[in-house]
Each structure stands twice: as structure tokens, then as C-alpha cells.
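# Working through the structure, step by step
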Amino acid sequence: MTEDLALKYSAVILVTFIGILAIGMMLVANFLLAPKKKTLEKALPFECGIPASPFSWSQIHMRYYIFAILFLIFDVEAVFLLPWILVFMEPITMSPWVFYEMVFFIAILLFGIVYSWKKGMLKWK
Amino acid sequence: MELIYFELLSAVLFSIGVYGVLARRHAVLVLMSIELILNAVTINAVAYATHIDASGITGQIIAIFVITIAAAEFGLALAIILRLYSQQSNANLDEANRMKW
Amino acid sequence: MSGEVIVFTIISAMVLFGALGVVSTKNVGHATLYLLITLGSVAGIFILLLAEFLALVQILIYGGAITIVLLFALMLTRVDEFSSIKDAVQRPVAIVVSVLLLGVIITPFLQETLGGQSLTESNLRTLGHELFTKWLIPFEVASLVLLVALIGAIVVGRDD
């Protein structure tokens, strides 16, 4: 079992190490090779020649948070869809109800998106 | 792998999360610590399931439900924190005492 | 020491590093990145436990959705109050309580005689089979919980 797992994930481990090594080498090479001369102009953020403004953090509107919540909810739904497909494709063993179970699940979530639509939350204004 | 390794990891992660919940005062940081606690519970459930249960399925299904509830709780709690923020213009939990009497 | 134990040690060190970062840093943005380290490494722990589907779920929901929602929420708040909230007063009490709790949790683990049984690999099809027959009611209730979270977030977050 252990050897099986190691064999299966050896590519993942290899790619992880190569990735860390590549990024580390790039950073180290950059640190060693780049000329370092600090001036005030270089420390400024580039803003098309306009003098930089003191705050770069712009506060976005609360309304956009609803879109993030919608993404989160339907991401969770996608997680349940994956084992459902495997069960659904299985020809004989499952009862036909497994289709309607998922339809019921999605219908409940669909009510949420209809609610947010009716409340005008989906308007990008 | 022995079960005890996973149990120890889960216990330490749980304690760190409890420390975060108790010590932090920024509401978002408290929420992140709650996520740590939920992850510790998930590790424990899956470890016990794969070591003791014959099929190893039950613990994984419980873990999926824990993750689902965590996602729902996280979205709702952040909405409440944003409302708190717009009411008192910071997210300090010690100052959120207006409904206390 | 087998290779599996070495991999477990590395991954759990990353888990604990991220968790300690979450509870010790002052900057909320940095705490989000530490949390991402912890959640990704927990996916590695799931792979070691032969629960590959759970590792996928962990990456998909925690690494994808929850981190994005968190960063969205941070963009809705101002950056200048990130570092202004300090936690000083209750910190010693919190340390004592969490260390005591750790001791209470670990003691029965060290005394038990379970374990040693080999891991059983589970496959996704049996998981789905069980989920849609035995766990049907919790599954449908989970969709109701998600619906309540969505509507609650809309009601709480509405600007009026």
C-alpha cells in the first residue's frame, strides 16, 4: 500500500521539489546578480507620471460580496455533483431516485439564486 | 502509518485554534482560528475512519459535511462581520457590545 | 523511519507553521496567506490517509472559494485598521487554557491501544453510493443550510 502510494504520487512530489527549487534559484540569482542602487524615485510606485497618492487600498462596495458568496455556495454544490455523476453512470445497482435526489438539491439552491435575482443583487451597477 | 501521529497533529492544531479564538480580538482572525479547529476535527474523523472502519467511508462523508457547513458558516459570518464593520467602523470584538445590557 | 513518516513530518510541520502564523501575525492579509498554507497542507494529510477525494474537496473549497471570499471581505474593509487591533490582555489566559486543553486531549490518545491496523483504501463510487442512500437526509439538509447561508448573507449584507 505504501509503495503504491509513493509510486502514484512520486510525480507530484518531484514537481513540488522542482517548483520550489526553480523559484528559489530565481530569487537567489536575482538577489546575487541584480545591481542595487536605492533612490527615492525607485521606491515610488509607478503611476503614469502622476505623483503617487497616499492610499492604494480602495474600498470596494458591499454589493460585490454577494457574488463571492454565490461562488462559494455553488462551489460546494460542485463537490456533491462529482460522486453523484459516478453513481448516476452506474447502470443497474442504483434506484432511479438518485436523479431526483440531485434535482431536489439543486432546486433548493436555485431558490437562493432566484431570491437574489428578485432582490436585485445580481445587477452590476 | 500509525493512528497516533494523526491524532497528535489534530490535537495540536485544535489547541492552536482554541488559542486563536480566545486571544484574538479582530473578528476575521477569530473566524480563521475557527477554520483551524474545523480542520483539526476533519483530520481526526478521516484518520479514525481509515484506521478503524472497515470501508473507511463514514468518516469521509462526515468530513465532507463538516467542510460544507464550514463554507456556509464562513460566508454568513463574514457578512455579519462586514455589517459590524460598517456599523462601528472596525472589527474589534471587544467593542461589539451594543446588544449587551 | 519509513519514507511515509518523513513525508508526514514535513507536511505536518507545514500545517503547524501555518497555524502558528495565523494566530500570531498582526496583519490580516498575512494571516490569510498563512491560513492558505495550513489548508493546502491538510489536503496533503488527506492524501496520506488515502482519502484523495477529500484532498480534492479541501483544495476546491478551502483553497479556492473560502480564500477568495476572505480576500473579498478584506477588500471591503480599510487597510489602516488591520494592525490597530492588538490582542494583549487575554493572551496569557489563552495560552494556559489551550495548553491545558492539549494535555486533556492527548492523554487518552497516549493510553489507548488502537491503531496498527493497515489503511483501507476507499473509492469514490462506494462513497457516492453511501452518500445517496444512507446519508440522503443530511445531504438534502446540507442544501438547506447552504440556502440559509446565501439568503442570510444577502439580508445582512444588503445596503439600505
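We now turn to the structure provided with this report. (Residues numbered from 1 in each chain as written. Chains lettered and ligands numbered in written order. Predicted model: local features only at pLDDT ≥ 70, side-chain atom pairs only at ≥ 80, totals over all residues.)

### Quick look at the overall build of chain B
On a plain count of helices and strands, chain B comes out with 3 helices and 0 strands. Traced from its N-terminal end to its C-terminal end, chain B shows the element sequence α-α-α. Here the C-alpha atoms of chain B give a radius of gyration of 17 Å, more than 25% beyond the 13 Å that 2.2 N^0.38 yields for 101 residues. When the backbone C-alpha atoms are referred to their principal axes, chain B occupies close to 50 × 25 × 20 Å. Per-residue burial over chain B gives 62% buried out of 101 residues. Across chain B, contacts joining residues at least 24 apart in sequence account for 48% of those joining residues at least 6 apart. (Helix = DSSP H or I, 4+ residues; strand = E, 2+ residues; numbered from the N terminus. Rg over C-alpha atoms; globule rule 2.2 N^0.38 Å. Buried ≥ 20, exposed ≤ 12 C-beta atoms within 10 Å, placed from the backbone. Contact = placed C-beta atoms within 7 Å.)

### What to know about the interface of chain B and chain C
Taken together, the contacts link 62 residues of chain B with 65 residues of chain C. The set of elements that each furnish at least two residues to the side of chain B that touches chain C consists of helix H1 (3-23), helix H2 (27-52) and helix H3 (58-88) of chain B. With 20 residues, H3(B) is the single largest residue contributor to the side of chain B that touches chain C. Along the lines of polarity and charge, the residues of the side of chain B that touches chain C split into 42 nonpolar, 14 polar and 6 charged. (Nonpolar A, V, L, I, M, F, W, Y, C, P; charged D, E, K, R; others polar.)

### What to know about helix H2 (residues 28-48) of chain C
For H2(C), with 21 residues, the first-to-last C-alpha span of 30 Å sits near the 30 Å given by 1.5 Å per residue. Taken from the residues just after H2(C), C:Leu50 is the one with a positive phi, measuring 65 degrees. (Expected span 1.5 Å × (residues − 1).)

### Quick word on the environment of C:Leu71
Residues and elements named next belong to chain C. With respect to the helices and strands, Leu 71 occurs in helix H3 (residues 52-76). According to the C-beta neighbour criterion, Leu 71 is partly exposed, with 15 such atoms within 10 Å. A C-alpha to C-alpha distance of 22 Å links Leu 71 and Ala 55, two positions 16 residues apart in sequence.

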